[in-house]
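The lines below spell out each chain.
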Amino acid sequence: VTPFSPPVKFLFPAVSKDEKVLVSGLAFLSDKTFYLCRELSQVKEVVGKEFAFFYDREFTGNSFQAQLAYALLYGELPKNIILSGRLFPNGDFEAERVREKEEVAMKNGKFLIAKGNVHEIKEFLSQEEKNVPLFIATGSKEVNLPSFETLCKSVGFKPLKGFLDEETLIVELPELLPEDKDWKEFFVPIKKRVIKLKELIPDLSLHVALKAPITFSLGAGAVIGTGKVPVAIYHFENGNYHRVIDLRKDSRRIKRRKRELSFIEIEEKVKGSDTAVIALQVASHETRSKGEELSKKFNADFFYVNAPELKGSLPLSLDWTEVVSEIYEAFNRIYDRGYKTFHLVMSVPNPIAFALGMAVGNYWNVVVW
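**Here we look at the overall build of the protein**
Part 1 of the reasoning: The secondary structure content of the protein amounts to 11 helices and 18 strands.
Part 2 of the reasoning: Considering only C-alpha atoms, the protein reaches an extent of 85 × 40 × 35 Å along its principal axes.
Part 3 of the reasoning: Residues counted as buried form 52% of the 369 residues belonging to the protein.
Part 4 of the reasoning: In the protein, the share of contacts with a sequence separation of at least 24, taken over all contacts with a separation of at least 6, comes to 72%.
Part 5 of the reasoning: With the model as given, the accessible surface of the protein reaches about 18200 Å², and the carbon-plus-sulfur share is 49%.
Part 6 of the reasoning: Once the 51 positive and 50 negative side-chain charges of the protein are each reduced to a mean point, those two points are 4 Å apart.

**Focus on the sheet that holds strand β18 (residues 366-368)**
Part 1 of the reasoning: Strand order in the open sheet formed by 5 strands is β14-β16-β15-β17-β18, and the pairing between neighbours is mixed. Each having just a single partner strand, β14 (265-269) and β18 make up the two edges of the open sheet. Pairwise comparison of adjacent strand axes, ignoring direction, gives a mean angle of 20° for this sheet.
Part 2 of the reasoning: In this structure, strand β15 (residues 275-281) lies alongside strand β16 (residues 301-306), joined through 6 bridges in parallel fashion. Bridge assignment links Val-277 to a residue of β16, and that residue is Phe-302.
Part 3 of the reasoning: Contacts from helix α10 (residues 320-335) reach β14, β15, β16 and β17 (341-347) within the one sheet, and its direction differs from that of β15 by about 165°.

**Digging into the packing of aromatic side chains**
Each aromatic ring pair is specified by the distance between its two centres and by the angle formed by the two planes.
Part 1 of the reasoning: Under the definition given, this model contains 24 aromatic pairs.
Part 2 of the reasoning: Taken together, a centroid distance of 5.4 Å and an interplanar angle of 65° make the contact between Phe-59 and Phe-64 edge-to-face. Each member of the pair, Phe-59 together with Phe-64, is buried.
Part 3 of the reasoning: Between Phe-187 and Phe-216, the aromatic rings sit 4.7 Å apart at their centres with planes inclined by 35°, giving tilted as the arrangement. One end of the pair, Phe-187, is in helix α7 (residues 184-200); the other, Phe-216, is in helix α8 (residues 214-224), with 29 residues separating them in the sequence.
Part 4 of the reasoning: On the basis of relative accessible area, Phe-187 is assigned to the buried category, the value being 14%.
Part 5 of the reasoning: Overall, Phe-216 belongs to the buried group, its relative accessible area being 0%.
Part 6 of the reasoning: Among the aromatic residues, those joined into a cluster by ring pairs are Phe-10, Phe-12, Phe-53, Tyr-55, Phe-59 and Phe-64.

**Quick word on helix α4 (residues 118-125)**
Part 1 of the reasoning: Along α4, the residues that are buried comprise Val-118, Ile-121, Phe-124 and Leu-125. The buried residues of α4 occupy one face: seen down the axis, they fall within an arc of 130°.
Part 2 of the reasoning: Between the side-chain oxygen of the N-cap and the backbone nitrogen of His-119 there are 2.9 Å, and the N-cap of α4 in question is Asn-117.

**So, the pattern of salt bridges**
Part 1 of the reasoning: Counting across every chain of the model gives 23 salt bridges.
Part 2 of the reasoning: Between Glu-120 and Lys-158 there is a salt bridge; the shortest N-O distance is 3.0 Å. Pair noted here: Glu-120 is in helix α4 and Lys-158 is in the loop between α5 (141-155) and α6 (166-169), with a separation of 38 residues, a long-range link.
Part 3 of the reasoning: A salt bridge links Arg-243 to Asp-246, with the nearest nitrogen and oxygen atoms 3.5 Å apart.

**Quick look at unusual backbone geometry**
Part 1 of the reasoning: Not every positive phi belongs to a glycine, and Asn-238 is a case in point at roughly 55°.
Part 2 of the reasoning: Examined against the element boundaries, Asn-238 turns out to sit in the loop between β12 (231-237) and β13 (240-246).
Part 3 of the reasoning: Positive phi values are uncommon outside glycine, yet Asn-299 reaches one of about 50°.

**Some thoughts on the side chain of Ser-30**
Part 1 of the reasoning: When you line up the elements, Ser-30 lands in the loop between β2 (20-29) and α1 (41-47).
Part 2 of the reasoning: In terms of polar contacts, Ser-30 uses its side chain to reach the backbone amide nitrogen of Ala-52, at 3.5 Å.
Part 3 of the reasoning: Residues within four places of Ser-30 in sequence aside, it is in contact with Val-1, Thr-2, Pro-3, Phe-4, Glu-50, Phe-51 and Ala-52.

Basis of the calculations
- Here, residues in each chain are numbered from 1, in the same order as that chain's written sequence.
- Since the coordinates come from a predicted model, pLDDT governs what is reported: local features require at least 70, and pairs of side-chain atoms require 80 or more to be given and counted, while whole-chain, interface and lining totals use all residues.
- The side-chain values count all of the structure's non-hydrogen atoms but skip hydrogen atoms and water molecules.
- Elements are defined by DSSP. Helices are runs of H or I of four residues or more, strands are runs of E of two residues or more, and each kind is numbered from the N terminus.
- Any residue under 20% of the maximum accessible area for its type is buried, any over 50% is exposed, and the rest in between are partly exposed; the area is computed with a 1.4 Å probe on protein chains only.
- Should any heavy atoms of two residues lie within 4.5 Å, those residues are considered in contact.
- For the accessible areas, the method is Shrake-Rupley and the probe is 1.4 Å, while residue cover comes only from the protein chains on display.
- Just so you know, the count uses Lys and Arg for positive and Asp and Glu for negative, and it drops His and the chain ends.
- Here the site of a charge means NZ on Lys, CZ on Arg, CG on Asp, or CD on Glu.
- For two strands to pair, DSSP has to find at least two bridges joining them.
- An axis is simply a line fitted to the C-alpha atoms; with a helix, the fit covers only the stretch in contact. Between two such axes, the angle follows the N-to-C directions and lies from 0 to 180 degrees.
- For Phe, Tyr and Trp, rings pair up if their centres lie within 6.5 Å, where Trp contributes its six-membered ring, and each pair is then called stacked (planes under 30 degrees apart), edge-to-face (over 60) or tilted (otherwise).
- Directions drawn from the helix axis to the C-beta atoms are what define this arc.
- Polar contacts, as counted here, are pairs of nitrogen or oxygen atoms within 3.5 Å of one another; within protein the pair requires one atom able to donate a hydrogen and one able to accept it, and residues that are adjacent in sequence qualify only if both atoms are side-chain atoms.
- The rule for a salt bridge is simple: a side-chain nitrogen of Lys or Arg has to be within 4 Å of a carboxyl oxygen of Asp or Glu.

As C-alpha cells, this is what we get:
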C-alpha cells in the first residue's frame, strides 16, 4: 500500500456483551484500498477515493464508519470530540447503542456525536468565529422550539443534530418558577451548559436570548459573568430576535466607570441606614412605590434609578450596552457609600437584566425581589 496522504489517528467507541472500549484507528488515502474484513462500501462512496484503514483491536458493527470518513476527508477532529455511526451516502450518520457509547466517551473525557452529518460538522468547525445560540426559557423544549429556530436564523446558525441542536442549546426551566424557594438550583444547569460548550468549542461566541422573569435573567447573567466566553444578547420584537448588546470583542464595556450619565438619573431618600433599596426602572412597569414599601420595611435608604428620557421603551437603534453601563455606574455610586446589603426591585427588558447580572457578578450582597 502506497500512502497518498499523511496518516490520521482517531478513536471510536465499541461496545459488546463483553467490553466497552475506545478503539484506536489509523487511516490514510492510498493507491489501493486495504482493510481487514470490514464493510467499507459506504465509506468509499462518501470519500470517493482509495484508502487504508488499521485498528488496534477487534470490534463489531459499522459505527466506525463516520469517524473513518471524517478522518479521510478532513483529518483530525478537536481532541475532545469523537464520532460514531453507520454512514449514509450523503454524509449522514447515526449510531446504535448510543447510551453505552456515551458512557465510554465520557469515561475517556470525550464528547460523543452519535448522529449528524460529517460535512456539516466540518463546515461548522472550519468557521473562523463559531457563533452558537443559547436559549434560556421557561416551558418545554417542544413549546420553545419555534422561538429557538427564530433565534438560530437571527444568529445565522444551522443546528447540528446530535451535537449543537435544541437538546444542547435550549436550557429548559419550569413553566412557573417557584415563589417559595431560592432559584439558585436553576442557575446550575446554565453554568454547566456554558462550561461544556466552552470545552467543546474553545473559540465559541455565545448568542443568548431569554424567555424568563427578568429577576431570573439577572441571576443567569451573574452565573455567566464577564470574560469567560464572548457573549451577544438578543431582544425579541416584531417576530424576530435583534442583537442589542454585543460584548464579544470587549466584555468590560459594561463595567467601565463613567463620569457623566446620559440616560440614567438617581433620586434618593437617605436617612443613614446600612441597607439600601434600589428601585430600577427602564421599562414601563412602575417600581418606585414597591421600592419605597421595601425601604420602610427594612428601615433602609431608598434610591430610584430610572431613565426618564427613554420613557419605558428602548429603541432597537440604541446601543443598549451604554444603558447597562450607566445602570452599573449608578449602582457603583450607591455601593461606594458603604452599604452592607442591597435590595433590588426592577423593571427592565430581559437583555438589560442579563447584561447587568454579568456586570454585577457575585461580588455584592444583593437580594433580588
